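# Descriptive structure summary
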Amino acid sequence: MTILVTGASSGIGAAVARRLAGRPLVLVGRDAARLDATATATGGTPVRADLTNASGRAAVSAACAGPVELAVHAAGIGAHGPFPTTGPAGPLLAADLEAPIELTRALWPGLVAARGHVVFVASIAALGVAGETTYSAAKAGLRTFADALRLESRDVGVTTVLPGAVDTPFLARRGYDRRVPRPVSADAVADALLRGVARRRAEVFVPRWLRAASVVQGAAPGLYRRCAPRS
C-alpha cells in the first residue's frame, strides 16, 4: 500500500513525510530541489506536479502503486491583505480547494479498498479571518467538504487539521505580527496530525485551545465577531 503526501517540498507536508520515513511514500510538490531533498531524507518517491490541473493529478494517481492507505493533503497557497488587493480568487481556490477534492476523487476507490484515511490540512482561517478573505473561503470550503465526506463514508477515515499560524516562509513573507495565536512549528502540526489519524479524530486543532474559537463561533457567532481580531 501507498502513503501520499502533497505539499511535501516544505512546511507541514515535509514534516509529515519525515515522520513516515521508510514507509512506501509518494511525495508531491512543485519545488524540485526541496522535493528531492525530502525524498532523499525519507526514501520516498518524488512526483513534481501541479495539482490544479487534471494532468498533474493523473500523474500523482499513476505514481501511487496499489491502494492508498493514507492521503495527506498538505499542499496549498496563501494570500494576505485587504480583499481588493489580493487578486483573483481562481488560483487560490484551485490549489486549496479544488485540487484536494479532485485528487481525493481520483484516489477514492483505492482508499475504500484499503479502508484507508484521508487528511485535509485546512486552517483556523476557516472560521473567517480579516485580511485572509479568499484563503478563509477556501479553507472553510475544504472543512465543509471533509465534514460531508465523513458523513458519507464508513470505510475511509476523514480528518481535518486546523492549525493557527504556522512558522513557514509564507508567514515570514506576509509579516505576521499578531500575538494571538502565536506561530507553531510545522513539526508540531505534523505530530498532532498523525496522532489524529491514529485516533481517528474528525478534527484536530493546533494548538488545541483554538477549538474554543470554533465552539464560540458556532454557539455565539455575535460574540465571535466582536472578539475576532481586525486587520
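Report follows, based on the coordinates. Quick caveat, the model's predicted, so the values are computed rather than measured.

## Things to note about the sheet that holds strand β5 (residues 117-121)
Spatial ordering of the open sheet is given by β3-β2-β1-β4-β5-β6-β7, a layout of seven strands whose pairing is parallel. The sheet is open, and its two edges are formed by β3 (45-48) and β7 (203-206), each paired on a single side. Neighbour-to-neighbour, the strand axes of the sheet open up by a mean angle of 15 degrees, direction not taken into account. Pairing of strand β4 (residues 68-73) with β5, which is carried by four bridges, proceeds in the parallel orientation. By the bridge assignment for β5, Leu 70 is matched with His 117. Set on the sheet, helix α7 (residues 186-198) makes contact with β4, β5, β6 (157-163) and β7; between it and β7 the angle comes to about 160 degrees.

## A look at the layout of surface pockets
Empty space among the atoms becomes visible once a probe the size of a water molecule is rolled across them. Put simply, the second largest pocket is a space of about 280 Å³. For the second largest pocket, the lining is made up of 13 residues, of which Arg 195, Arg 199, Val 204, Phe 205 and Arg 208 are closest to its centre. Sorting the residues of the lining of the second largest pocket by element identifies α7 and β7 as the ones contributing at least two each. For the lining of the second largest pocket, the class distribution of residues is six nonpolar, one polar and six charged.

## With respect to a positive patch on the surface
On the surface, a cluster of positive charge is made up of Arg 195, Arg 199, Arg 201, Arg 208 and Arg 211. The residue Arg 211 is located in helix α8 (residues 211-219) in this model. In this structure Arg 211 comes out as partly exposed when scored by relative accessible area, which is 38%.

## As for the pairing of β5
Within β5, five of the five residues are buried, which leaves it mostly tucked inside the rest of the structure. By the alternation rule, side chains of β5 split into His 117, Val 119 and Val 121 and Val 118 and Phe 120, which are all buried. Handedness of the β4-helix α4 (residues 90-114)-β5 crossover: right-handed. You can see the chain leave β5, run along helix α5 (residues 133-152) and come back into β6, and the turn it takes is right-handed.

Procedures and definitions
- Residues numbered from 1 in each chain as written.
- Predicted model: local features only at pLDDT ≥ 70, side-chain atom pairs only at ≥ 80, totals over all residues.
- Heavy atoms only, no water.
- Pairing = 2+ DSSP bridges.
- Helix = DSSP H or I, 4+ residues; strand = E, 2+ residues; numbered from the N terminus.
- Axes fitted to C-alpha atoms, helices over the stretch in contact; angles between N-to-C directions.
- Contact = heavy atoms within 4.5 Å.
- 1 Å grid on protein atoms, 1.4 Å probe; cavity = no way out; pocket = protein on both sides within 12 Å on 5 of 7 lines; lining within 4 Å.
- Points joined across faces, edges and corners; volume = space filled by probe spheres on them.
- Nonpolar A, V, L, I, M, F, W, Y, C, P; charged D, E, K, R; others polar.
- Patch = residues over 30% accessible without salt bridge, like charges linked within 9 Å, V, L, I, M, F, W, Y side chains within 5 Å.
- Areas by Shrake-Rupley, 256 points an atom, 1.4 Å probe, with all protein chains shown as cover.
- Salt bridge = Lys/Arg side-chain N within 4 Å of Asp/Glu carboxyl O.
- Lys, Arg positive; Asp, Glu negative; His and termini not counted.
- Charge placed at Lys NZ, Arg CZ, Asp CG, Glu CD.
- Buried < 20%, exposed > 50% of the residue type's maximum accessible area, 1.4 Å probe, protein only.
- Right-handed = clockwise from strand over helix to strand, strands pointing away.

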